[in-house]
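Chain by chain, the residues:
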Amino acid sequence: GLYVTKAQNDFLMVVALWDQSDRLTSADIADFLVSTLQDPISRVDGVGNLEVFGAPYAMRVWLDPYKLAAYKLMPSDVDAAIKAQNTQVAAGEIGAQPALPDQQLNATVTAQARLQTAEQFREILLKTQPDGSRVLLRDVARVELGSEYYGDVTRLDGHPASGMAINLAPGANALATAQAVKARVAELAKRFPHGLAVRYPNDSTAFVERSIVEVWKTVVEAVLLVVLVMYLFLQSWRATLIPLLAVPVSLIGTFAVFPMLGFSINTLSLFGLVLAIGLVVDDAIVVVE
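This text gives an overview of the structure that appears in the document. (Residues numbered from 1 in each chain as written. Predicted model: local features only at pLDDT ≥ 70, side-chain atom pairs only at ≥ 80, totals over all residues. Heavy atoms only, no water.)

1. A short note on the overall build of the protein
Each helix and strand counted, the protein has eight helices and eleven strands in total. For the protein, the C-alpha radius of gyration of 32 Å lies well beyond 19 Å, the compact-globule estimate for 289 residues. Along the first, second and third principal axes, the C-alpha atoms of the protein reach 115 × 60 × 35 Å. Within the protein, the proportion of its 289 residues that are buried is 30%. Sequence-distant contacts in the protein: of pairs separated by 6 or more residues, those separated by 24 or more amount to 74%. Accessible surface, the protein as shown: approximately 18,500 Å² in total, 59% of it carbon and sulfur. For the protein, the distance from the average site of its 22 positive side-chain charges to the average site of its 29 negative ones is 5 Å. (Helix = DSSP H or I, 4+ residues; strand = E, 2+ residues; numbered from the N terminus. Rg over C-alpha atoms; globule rule 2.2 N^0.38 Å. Buried < 20%, exposed > 50% of the residue type's maximum accessible area, 1.4 Å probe, protein only. Contact = heavy atoms within 4.5 Å. Areas by Shrake-Rupley, 256 points an atom, 1.4 Å probe, with all protein chains shown as cover. Lys, Arg positive; Asp, Glu negative; His and termini not counted. Charge placed at Lys NZ, Arg CZ, Asp CG, Glu CD.)

2. Some words on the pairing of strand E1 (residues 11-19)
Burial of E1 is extensive: eight of the nine residues sit out of reach of the surface. As paired elements, E1 and strand E10 (residues 159-168) share seven bridges and run antiparallel to each other. Opposite leucine 17, over in E10, you have serine 162 as the bridge partner. Bridge count between E1 and strand E11 (residues 196-203): six bridges; the pairing is antiparallel. Pairing of valine 14 across the sheet is with asparagine 202, part of E11. (Pairing = 2+ DSSP bridges.)

3. Some details on the side chain of asparagine 86
Relative to the helices and strands, asparagine 86 resides in the loop between helix H3 (75-85) and strand E4 (90-94). A relative accessible area of 14% places asparagine 86 in the buried class. The contacts of asparagine 86, once residues within four sequence positions are left out, are Ala113, Arg114, Leu115 and Phe121.

4. Overview of the pattern of salt bridges
Scanning all chains against the criterion turns up eight salt bridges. Where aspartate 157 meets arginine 199, a salt bridge forms, and the shortest distance between an N and an O atom there is 3.2 Å. Of the two residues, aspartate 157 sits in the loop between strand E9 (155-156) and E10 while arginine 199 sits in strand E11, which places them 42 residues apart along the sequence. (Salt bridge = Lys/Arg side-chain N within 4 Å of Asp/Glu carboxyl O.)

5. Description of the packing of helix H1 (residues 26-42) against helix H5 (residues 174-188)
One way to put it is that H1 packs onto H5 with a least axis distance of 10 Å and a crossing angle of 145 degrees. For the pair H1 and H5, the sense of crossing is right-handed. Along its contact with H1, which presents Thr36, Leu37, Pro40 and Ile41, the element H5 presents Val181, Arg184, Val185 and Leu188. For the contact of H1 with H5, a count of residues per class yields six nonpolar, one polar and one charged. (Axes fitted to C-alpha atoms, helices over the stretch in contact; angles between N-to-C directions. Left-handed = near helix turned anticlockwise from the far one by under 90°. Nonpolar A, V, L, I, M, F, W, Y, C, P; charged D, E, K, R; others polar.)

6. Let's talk about the nonpolar core
Counting residues in each nonpolar core, the largest one holds 24 residues, and the members touching the most others are Leu17, Leu37, Ile41, Met164, Ile166 and Val181. Elements with a minimum of two residues in this core: E1, H1, strand E2 (47-53), E10 and H5. Here this core gets six residues from one element, more than from any other, and that element is H1. Leucine 37 has contacts with Leu17, Phe32, Met164, Leu188 and Phe192, leaving out every residue within four places of it along the chain. Within the second largest apolar cluster, 14 residues are counted, among which are Leu68, Val78, Ile82 and Leu126. (Core = buried A, V, L, I, M, F, W, Y, C linked by side-chain atoms within 4.5 Å.)

7. As for the side chain of asparagine 167
Tracing the backbone shows asparagine 167 in strand E10. Among the polar contacts listed, one links the side chain of asparagine 167 to the backbone oxygen of aspartate 10, at a separation of 3.3 Å. Sequence-distant contacts of asparagine 167, defined by excluding residues within four places in its chain, comprise Ala7, Gln8, Asn9, Asp10, Phe11, Leu12, Gly46, Val47, Gly48 and Asn49. (Polar contact = N/O pair within 3.5 Å; in protein donor to acceptor, adjacent residues only side chain to side chain.)

Pasting the structure below:
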């Protein structure tokens, strides 16, 4: 199969889980995050990709090279034995062909072959000696439940934590996606274990929201200056009303053209919008004069 994802390179936000009580380890939190949050968050509209800081649980087998050499075994022998004895196989089928004429149902029979605990893995048979004795996995390795990989060490304010970085999908709305992610996390947080909390150490939408607020401040300031300048110097409400209407009309026209040209609300477009507001105000004043 082919798995294709499209996402922007920059992180939209980082969702972190942490345990203030230090009861859980980073591996515990990472396994909980992968099994509980990763799939639901990846299905939120606007999310392009997820990068998890941590790994789920895995059965770790630490080989002892001296014991392997003593039993004349190689790591590949251990790998082959684990793959051969830890598989999910179909044990058969009831009601399959050839069947009786009045047979109406068939059912697949599966046998429990997947190993679940470290003790079961320790009993994996590696080889049989000429004297009839057996060499098990526990004889050459230490088996324990651990993390799938240990490349990340994640802590938040000194407490064990794990997190995931979210990349925005191309063309998605950053503010709407961030709000949808937070709403989905809040919904899932109702089932969190006691002591596990959510934090957002990095959220790029906060800068976008502040930029939009600054644009609105610029619009309000421009309107007030237009009213003040035109009325003080021309002493006419009619002359004041013309440039006062020019600003919202120009902004409405600008936002109407944005989707047709493929523009989005970002830092560059907001900067251009602030400059355009100033130009519209100046032009309106000059035309009226």
